[in-house]
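Given next are the chains, with one letter for each unit.
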Amino acid sequence: MDGNGRWATRRGLPRLAGHKAGAERVRDVVELTPSLGVEYLTLFAFSTENWMRSRGEVNGLMMLFKHYMKSEAATLVRNGVRVRFIGERSRLEPDIQRQMQGLEEQTSNNSKLHLTLALNYGGRDEITRAMKRIAAKVKTGEIMPDDITQDVVSAHLDTAGLPDPDLIIRTSGELRTSGFLPWQSAYAEYVFPETLWPDFVPGEYVDIINSFGTRERRFGAVAG
Ligand code: IPE
Ligand code: MG
């Protein structure tokens, strides 16, 4: 979800106003997704690199996450949304960590939409933490080096148990992936709309999902 800052700056508003407007689009997209036949949605909300932003912006974003989790919890529960978080949690405020855990628990029986929120997430960080967990198991003899398969690696990532993404949308015209699910996205399709995230209206989302349905995916094999 990129382009909140530019959206605000172009309107002469503080960057946080862009993040607030962006949060409205999150609400729309989460609500619309199940009706498009999409059962898994992952949103990149805050990266391990985003701490380098000004203290004011980081604090503003953290306030917004707290507010969003609080104000949306009941709706998410009611709409059958199961919420999970990926990313490194210990650097987040204890308050936020508690809210995250609470939301995961409150929605754990839902299955209409699997919503994964990436918060303090970085792909290299995730893989590094997975390697540490695997190494610890090798050390105790729980697994042998030769037993480390691709499935074993997947099972030690934050996304363990979740399917790999089919389609990744990055808004705002930037042609980068910025560490978003590097292992999991090996065969993902990408779309890079020019639209800034706060302008990403439902119609554009629907068009992207529909055109994804017409792409031929071969996963390295030849057309059948
Ligand atoms: C993305 O919008 C939102 C977050 C990182 C939370 P940006 O804040 O990166 O917007 P630009 O790239 O400055 O326009
Ligand atoms: Mg950006």
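Quick caveat, the model's predicted, so the values are computed rather than measured.

Draft legend 1. Quick peek at the site of ligand 1. Taken together, 13 residues lie near ligand 1, and Asp2, Gly5, Arg6, Arg15 and Arg53 sit nearest. In the model, an oxygen atom of ligand 1 is placed 2.9 Å from a nitrogen or oxygen of the aspartate 2 side chain. In the model, an oxygen atom of ligand 1 is placed 3.3 Å from a nitrogen or oxygen of the glycine 3 main chain. Its free accessible area being 380 Å², ligand 1 has 86% of it covered by the protein chains. Counting only elements with at least two residues in the shell around ligand 1, the list comes to α1 (4–10), α2 (15–32) and α3 (55–78). No other element matches α1, which puts three residues into the shell around ligand 1. The residue makeup of the shell around ligand 1, split by class, is three nonpolar, five polar and five charged.

Draft legend 2. Summary view of α3. When the terminal C-alpha atoms of α3 are compared, their 35 Å separation across 24 residues agrees well with the 34 Å that a helix rising 1.5 Å per residue should span. Maximum bend of α3: about 50°, positioned at glutamate 72. Where α3 is concerned, the buried positions are Glu57, Val58, Gly60, Leu61, Met62, Leu64, Phe65, Tyr68, Met69, Glu72, Ala73 and Leu76. Elements that come into contact with the buried residues of α3 comprise α2, β1 (40–47), β2 (81–86), α4 (94–106) and β3 (113–121).

Draft legend 3. View of the layout of surface pockets. Put simply, the second largest pocket is a space of about 200 Å³. Gln150, Asp151, Ser154, Leu157, Thr159, Ala160, Gly161, Leu162, Asp164, Trp183, Gln184 and Ala186 together form the lining of the second largest pocket. Among the residues forming the lining of the second largest pocket, the class breakdown is five nonpolar, five polar and two charged.

Draft legend 4. Local environment of the pattern of salt bridges. Inspection of every chain in the model, using the stated rule, returns 15 salt bridges. With its nearest N and O atoms 3.1 Å apart, the salt bridge here joins glutamate 24 to arginine 27. Taken together, the residues span about one helical turn, with glutamate 24 and arginine 27 both in helix α2 at a distance of three residues. Notably, a salt bridge pairs aspartate 125 with arginine 129, separated by 2.9 Å at the nearest N-O pair. Residue aspartate 125 and its partner arginine 129 are located together in helix α5 (residues 123–140), separated by four residues, close to a single helical turn. We classify aspartate 125 as partly exposed; its relative accessible area is 27%.

Draft legend 5. Highlighting the packing of aromatic side chains. Going through the model one piece at a time under the given rule, you end up with eight aromatic pairs. Ring centres of phenylalanine 200 and tyrosine 205 lie 6.0 Å apart, and the angle between their planes is 55°; on these two criteria the pair is classed as tilted. Both residues of the pair, phenylalanine 200 and tyrosine 205, count as buried. Joined through ring pairs, the aromatic side chains of Phe44, Tyr121 and Phe180 make up one cluster.

Draft legend 6. Structural detail: helix α7 (residues 202–212). When α7 is considered as a whole, its buried residues turn out to be Tyr205, Ile208, Ile209 and Phe212. Buried residues of α7, viewed axially, fall in a sector of 95°; they line one side. Among the exposed residues of α7, those oriented more than 90 degrees off its buried face are Asp207 and Asn210. Against the buried residues of α7 lie α2, β1, β4 (167–169) and β5 (189–191).

Draft legend 7. Structural view of the nonpolar core. Within the largest apolar cluster, 34 residues are counted, with the highest numbers of intra-cluster contacts made by Val30, Leu41, Phe46, Met62, Val83, Phe85 and Leu115. Sorting the residues of this core by element identifies α2, β1, α3, β2, α4, β3 and α7 as the ones contributing at least two each. With eight residues, α3 is the largest single contributor of residues to this core. In terms of nonpolar packing, the next biggest core, distinct from the first, is built from eight residues, Phe44, Ala118, Ile168 and Leu181 among them.

Draft legend 8. Broad picture of the pairing of β2. The element β2 is extensively covered by neighbouring structure, given that five of its six residues are classed as buried. Summarising the sheet, β2 and β3 pair through six bridges and their orientation is parallel. Within the sheet, the bridge partner assigned to valine 81 lies in β3 and is leucine 113. The handedness of the β2 to β3 crossover, carried by α4, is left-handed.

About the criteria used
- Residues numbered from 1 in each chain as written.
- Chains lettered and ligands numbered in written order.
- Predicted model: local features only at pLDDT ≥ 70, side-chain atom pairs only at ≥ 80, totals over all residues.
- Heavy atoms only, no water.
- Near = heavy atom within 4 Å.
- Polar contact = N/O pair within 3.5 Å; in protein donor to acceptor, adjacent residues only side chain to side chain.
- Areas by Shrake-Rupley, 256 points an atom, 1.4 Å probe, with all protein chains shown as cover.
- Helix = DSSP H or I, 4+ residues; strand = E, 2+ residues; numbered from the N terminus.
- Nonpolar A, V, L, I, M, F, W, Y, C, P; charged D, E, K, R; others polar.
- Expected span 1.5 Å × (residues − 1).
- Bend = angle between axes of the 7 residues up to and from the residue.
- Buried < 20%, exposed > 50% of the residue type's maximum accessible area, 1.4 Å probe, protein only.
- Contact = heavy atoms within 4.5 Å.
- 1 Å grid on protein atoms, 1.4 Å probe; cavity = no way out; pocket = protein on both sides within 12 Å on 5 of 7 lines; lining within 4 Å.
- Points joined across faces, edges and corners; volume = space filled by probe spheres on them.
- Salt bridge = Lys/Arg side-chain N within 4 Å of Asp/Glu carboxyl O.
- Phe/Tyr/Trp six-rings, centres within 6.5 Å; stacked < 30°, edge-to-face > 60°.
- Arc of directions from axis to C-beta.
- Core = buried A, V, L, I, M, F, W, Y, C linked by side-chain atoms within 4.5 Å.
- Pairing = 2+ DSSP bridges.
- Right-handed = clockwise from strand over helix to strand, strands pointing away.

The values reported here are purely geometric and, on their own, carry no functional implication.
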